[in-house]
Amino acid sequence: MSRFWSPFVKDLVPYVPGEQPKLSKLVKLNTNENPYGPSPRAIAAMQEEVGDDLRLYPDPNGERLKQAVADYYGVQPNQVFVGNGSDEVLAHAFHGLFQHGRPLLFPDVTYSFYPVYCGLYGIAYETIALDEQFRIDVADYARPNGGIIFPNPNAPTGCLLPLDAIERLLQVNCDSVVLVDEAYVDFGGQSAIALIDRYPNLLVTQTLSKSRSLAGLRVGLAVGHPELIEALERIKNSFNSYPLDRIAIAGAAAAFEDRAYFEQTCQQVIASREQVVAAMKALGFEVLPSAANFIFARHPRHDAGGLAAGLREQGVIVRHFRQPRIEQFLRITIGTPEQNQALLAALGGLC
Ligand code: PMP
């Protein structure tokens, strides 16, 4: 800490990202990346972009990408916002859309960036306990609030809230923004984008880091009523008018255009997930129902910290959160069939 830091910076508690080790021999199942590469069409589009045009600024509005997202979801481009990873899109939403004076509500077990943004933007919050089965009960959110946010499927549990439950929540909560963070929705959920025309306070965020396998490119988006999108644009243009570079705009648009590759790779991940779940249950694990590209599991007789350490010794990295209520769980990303086999073989030796 330096004496030149402002008191504000001294008090910040930043987010701690999952470990990003050099891959060499490791089976990396700790940060929910896609085991399959990005769409070949996306790679070609990015390669095409690398040339003399890089001397020019990119389109500040990323129109090509907005159009591709709008076409994919059957919405208008003015209902789409794009940014540098959904983390940045979320940051702008926290900054510009949640009211002060009443607390923001989110689950007690959820994406750990939410309290960090609350600290950064001075937003008061209340956490709402998940039920005994680690599910969100929307009835618990029917109370005065300055906004509501949750991932669907939730992270790190993987549990999915059905669309009708989200609609019930929107029917009783019309005075503040409900933000559904759909980072993992393509692995088994139904997008709440289907509801945006009926609920002007609904904002849905998504990322290209998971189902479109472009975590390294840093592209995320939000879809909602044009007035919500306009607020995000104002915040963005007061911060960095060019959040997406030329390569990112081209690659992300092409990834959205390549539906066939996207659907095929998502299906592969889903099929592998079901195999891993069955095999882990056979090893005695309790596995929460997952609609994501990861599973959340605990063993009744083995300590999660010990299992994570044992896996690591065998070159398999998974995520273990030392957090109340979930410290006995491991979060394991679904990998290629070979990676999943390595995981299961290592677990077999430990359990
Ligand atoms: N939301 C959730 C629930 C996540 O798990 C993640 C990934 N860590 C993100 C948002 C952010 O993803 P990105 O910034 O890569 O788009």
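The coordinates are above.
Predicted, not measured: the structure shown is a model, and the values here were computed from it. One numbering rule holds for all chains: residues counted from 1, following each sequence as written. Local features are withheld for residues below a pLDDT of 70 in this predicted model, meaning they are given only at 70 or higher, and side-chain atom pairs are given and counted only at 80 or more; totals for whole chains, interfaces and linings count all residues.

A.B. asks: Before we move on, can you summarise the pairing of strand 5 (residues 147-151) with the specific residues and values?
C.D. replies: Counted residue by residue, strand 5 has 5 buried out of 5 residues, so it is predominantly covered. The burial criterion counts other C-beta atoms lying within 10 Å of a residue's C-beta, which is placed from the backbone; the residue is buried at 20 or more, exposed at 12 or fewer, and partly exposed between these limits. Only DSSP runs of H or I reaching four residues or more are called helices, and only runs of E reaching two or more are called strands; each is numbered from the N terminus. Residue alternation in strand 5 divides its side chains into two sets, Gly147, Ile149 and Pro151 and Ile148 and Phe150, and both sets are buried. What makes two strands pair is DSSP finding at least two bridges between them. In the sheet, strand 3 (residues 104-107) pairs with strand 5 via 2 bridges, with the strands oriented parallel. Within strand 5, the position partnered with Leu105 by the bridge is Ile148. With 4 bridges connecting them, strand 5 and strand 6 (residues 178-181) associate as parallel partners. Directly across from Phe150, in strand 6, lies its bridge partner Val180.

A.B. asks: Run through the sheet that holds strand 8 (residues 220-224), naming residues and quoting values.
C.D. replies: Across the sheet, which stays open at both edges, the 7 strands sit in the order 2-8-7-6-5-3-4 with mixed pairing between neighbours. Bordering the open sheet on either side are strand 2 (80-83) and strand 4 (125-128), each of which pairs with just one other strand. With strand direction ignored, the average angle separating the axes of adjacent strands in the sheet is 20°. In this sheet, strand 7 (residues 202-207) lies alongside strand 6 in parallel orientation, the contact comprising 4 bridges. Counted as the bridge partner of Val178 is Leu202 from strand 7. For helices, the fitted axis covers only the stretch in contact; all axes are lines through C-alpha atoms, and the angles between them, taken along N-to-C directions, range from 0 to 180 degrees.

A.B. asks: How would you sum up the sheet that holds strand 10 (residues 294-298)? Please name residues and give values.
C.D. replies: The antiparallel open sheet is built from 3 strands, whose spatial order is 9-10-12. Across the chains shown, the open sheet's two edge strands, defined by having one partner strand only, are strand 9 (286-287) and strand 12 (330-333). Relative to strand 12, strand 10 runs antiparallel, the two sharing 4 bridges. Within strand 12, the position partnered with Phe294 by the bridge is Thr333. Relative to the sheet, helix 9 (residues 259-282) contacts strand 9 and strand 10, its axis offset from that of strand 10 by approximately 10°. By definition, residues are in contact whenever their C-beta atoms, placed on the basis of the backbone, come within 7 Å of each other.

A.B. asks: Give me the lowdown on helix 3 (residues 63-73), citing residues and values where you can.
C.D. replies: Among the residues of helix 3, those classed as buried are Arg64, Leu65, Lys66, Ala68 and Val69. Packed against the buried residues of helix 3 are strand 2, strand 8 and helix 8 (246-257). Looking one or two residues beyond helix 3, the residue adopting positive phi is Gly74, at roughly 70°.

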